[in-house]
Amino acid sequence: MIEYSGNLQRVVTAVVSVEQKRQASHRLAHQPAVTITHLSKAFKGIPALQKVSLTVQTGEMVALVGASGSGKSTLLRTINGLQLAEKGEVKIFDTSLQNNGQLYSKSRHLRSQVGFIFQQFNLVNRLSVLENVLIGHLSQISSFRSTFRLFTKAEKTRALAALDRVGILTQAYKRAALLSGGQQQRVAIARCLMQGAQIVLADEPIASLDPESARRVMELLVDLNQERGLTVITSLHQVQMVRFYCDRSVALREGVVQFDGRTAELDDNRLSRIYGAAAEELVQRGHAEIFSS
Amino acid sequence: MSLKRSKNGRSITSPWIAEGKKYELPISDAVLDMQGRDRTTAKQIGWQIAFIAGLLGLLYYSAVVSEIDLFELLEGGSTMGEYISRYFPPDFTDSASYLDDIIETIGMGIWGTLLAVIFAAPLAIFASANLCPVWIVQPTRRLLDAMRAINEIVFALVFVVAVGLGPFAGVMAIFVHTTGILGKLFSEAIENIEVGPIEGVRATGASKFQEILFGVIPQVIPLWISYTLYRFESNVRSATVLGIVGAGGIGVSLYQSFRSFDYTKVCAILIILIISVGLIDAGSAWLRKRFI
């Protein structure tokens, strides 16, 4: 699988045709993209994840639901190895990324297959938008080239194509700091496309955005999920958003999986059974108002 | 009570503001309880007084050991006037050679600073607690401390013996001392950066080295440039003194004129120095603006 993606990156010059991508996703289908088994993690003795097991198939769009502090971020960060769990295993496309607190030697290579989108965008503010997208390609280039920021024309073309796909091509040569929040988040998504990521992990991608930008970012993620077969795992704390965009949801409470199934089954009754009074926070907060009308 | 009225007749100043009144806020038991928990005690005030007394004592003691004496300054005032008059009018007869010396001095400043930046940048990364483990950070910081603790003049004395009289010894002296200073300042800049962008780079599968190049350096570059230009100015000033121990630059002529009581020549050199330092100052301010 990894070999295949490596070839893919070599073959790709500017834009990979949708057809090629379809083939790619076809070959990947019916194979788990992420397999998590008995993952546990604690911060200063307070459990953040407790024996979490979860399998996400290639091409799925999964929402992680839960109030703040329920372990959503920690789970996402352990999936790409930004954080180490104490116990349990994370596999990406059947290759182990971490097991019982040990990061595998190939973890950097695996990580380059996984895009990550942060609540605070985490762009490098003083670099241009284009350079921020090119960062997605760093894992493929030598230290020498990165020292002098030597990117080939093909790489730059691909980065521009990624910006075009997320709809902010015209901003390419501006400094990232000058963009609005919604635009910055789309740069982050373009960075994932530049990586050629097969899996996108999004940690509260719309929590810092206004309702309209939030809608556009979510729709972009859905589109990429559908047209490219990208596997998307996103944490969201507004249930309305989850119901609108994601077929499958996983509800966490105090680091324990309380629900894993079709979002349709996660109705208000079920939520209040899981979260009690705290369910209100999930239903009422944030940008929910634009979806309730 | 008079209310100001806007054109459409609505009041624009509330009666409270007009009369300088404040509305009442309800004071609950919780507020009173919180007030009761104020821990500013007599003991704390006592400590504060002791601290101020200690500080004053320290100031007095250091005045005594450094022989600060107001009366002596006043008595010396009249002879000072007579002494200063010997500096005028300035004697610019050798100004061509002074100009060469100034250029040499600035050259020493440029190369001393440049070498220091080249070595300080990696050392600063090793001295930053947010990038490196403690067993690398601590030794690097101690090394930087040592470089900083010893003055350029002392280093110049050492290097004059090692590489001989002349400006190269001065360059080396400036280089070593400035590496200590810039290394510390650079690493402080690194320790104040945001971690978000670094994680963003890390999440793409980039190596540690690439994380530093793309996540750290762009964040610190404005401060680094600012510190470097500031040190360059200071280094040109330092370079003027290094000549006294034979390490090249305008200091050689300055010291010779002093020793031969050619105060009018000293005055000319000082005027040239003031002008060139002023020019460098303006130049680096311009550069700084362009970079940041």
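This is a predicted model, so every value here is computed, not measured.

Asker: Which parts of the structure should I look at to understand helix α10 (residues 208-242) of chain B?
Answerer: Residue and element names in this part refer to chain B. Look at α10: only 41 Å from first C-alpha to last across 35 residues, short of the 51 Å you get at 1.5 Å a residue. Taken as a whole, α10 carries its principal kink of about 50 degrees at Ile217; the proline Pro218 stands between one and four residues after it. Within α10, 25 of the 35 residues are buried, which leaves it mostly tucked inside the rest of the structure.

Asker: I keep staring at the interface of chain A and chain B and nothing clicks. Help me out?
Answerer: A common measure of how large an interface is: the accessible area buried when the components associate. Facing the 27 residues of chain A at the interface are 20 residues of chain B. Around 2000 Å² of area is buried between chain A and chain B when both sides are counted, 59% of it from carbon and sulfur atoms. Our enumeration of links across chain A and chain B arrives at one salt bridge. Linking B:Glu199 and A:Arg77 is a salt bridge whose minimum nitrogen-to-oxygen distance equals 2.5 Å. Linking chain A with chain B are seven residue pairs in polar contact (both at pLDDT 80 or more). Elements that contribute at least two residues to the side of chain A that touches chain B include exactly α4 (107-111), β7 (114-117), α6 (143-147) and α8 (181-195) of chain A. A per-element tally of the side of chain A that touches chain B places α6(A) first, with three residues. A breakdown of the residues in the side of chain A that touches chain B according to their chemical character gives eleven nonpolar, ten polar and six charged.

Asker: Please explain the pairing of strand β8 (residues 199-203) of chain A as it appears in this structure.
Answerer: The side chains of a regular strand alternate, residue by residue, between the two faces of the sheet. All names here are of chain A. Judged by how many residues are buried, β8 sits mostly within the fold: five of five residues are covered. Two elements, β7 and β8, share four bridges in a ladder whose sense is parallel. Note on β8: the bridge partner recorded for Gly115 is Val200. Both β8 and strand β9 (residues 231-236) contribute to a ladder of five bridges, which runs parallel. When the sheet's bridge partners are listed, Asp203 is paired in β9 with Ser235.

Asker: Looking at this structure, how should I read the confidence of the model for chain B?
Answerer: One rule of thumb: low pLDDT means the predicted coordinates there are not for detailed reading. Summarising the model, chain B shows a mean pLDDT of 84, and 91% of its residues fall at 70 or more. Scored below 50 in pLDDT, residues 1-7 of chain B makes 13 contacts in the model with residues more than four places away or belonging to other chains.

Asker: I keep staring at unusual backbone geometry and nothing clicks. Help me out?
Answerer: All names here are of chain A. Of note in the backbone geometry, Arg149 takes a positive phi value of approximately 50 degrees without being a glycine. Relative to the helices and strands, Arg149 resides in the loop between α6 and α7 (153-166). Residue class for Arg149 comes out partly exposed when judged on its relative accessible area of 34%. Of note, the phi angle at Glu254 is positive, near 50 degrees, even though the residue is not glycine. Inspection of the secondary structure assignment puts Glu254 in the loop between β10 (248-253) and β11 (256-262).

Asker: For this particular structure, what's the right way to read a nonpolar patch on the surface?
Answerer: Nonpolar side chains collect at one region of the surface, where B:Phe51, B:Ile52, B:Leu55, B:Leu56, B:Leu58 and B:Leu59 lie side by side and expose about 660 Å² of accessible area between them. Owing to a relative accessible area of 56%, B:Leu58 belongs among the exposed residues under this scheme.

Asker: It is not clear to me how the sheet that holds strand β2 (residues 46-57) of chain A should be interpreted in this structure. Could you clarify?
Answerer: The pairing of strands in a sheet happens through backbone hydrogen bonds and is either parallel or antiparallel. All names here are of chain A. If you walk across this open sheet you meet the five strands as β2-β1-β4-β5-β6, and the pairing is antiparallel. The outermost strands of the open sheet, each flanked by one partner alone, are β2 and β6 (102-103). Direction of pairing for strand β1 (residues 32-43) relative to β2: antiparallel, over a ladder of eight bridges. Paired with Leu39 across the bridge in β2 is Val52. Most of the contacts of helix α3 (residues 72-79) go to β1, to which it runs at about 125 degrees, and overall it touches β1, β2, β4 (87-92) and β5 (95-99).

Cut-off values and rules
- Residues numbered from 1 in each chain as written.
- Chains lettered and ligands numbered in written order.
- Predicted model: local features only at pLDDT ≥ 70, side-chain atom pairs only at ≥ 80, totals over all residues.
- Heavy atoms only, no water.
- Helix = DSSP H or I, 4+ residues; strand = E, 2+ residues; numbered from the N terminus.
- Expected span 1.5 Å × (residues − 1).
- Bend = angle between axes of the 7 residues up to and from the residue.
- Buried < 20%, exposed > 50% of the residue type's maximum accessible area, 1.4 Å probe, protein only.
- Contact = heavy atoms within 4.5 Å.
- Buried area = accessible area lost by both parts, 1.4 Å probe.
- Salt bridge = Lys/Arg side-chain N within 4 Å of Asp/Glu carboxyl O.
- Polar contact = N/O pair within 3.5 Å; in protein donor to acceptor, adjacent residues only side chain to side chain.
- Nonpolar A, V, L, I, M, F, W, Y, C, P; charged D, E, K, R; others polar.
- Pairing = 2+ DSSP bridges.
- pLDDT = per-residue confidence, 0-100.
- Patch = residues over 30% accessible without salt bridge, like charges linked within 9 Å, V, L, I, M, F, W, Y side chains within 5 Å.
- Areas by Shrake-Rupley, 256 points an atom, 1.4 Å probe, with all protein chains shown as cover.
- Axes fitted to C-alpha atoms, helices over the stretch in contact; angles between N-to-C directions.

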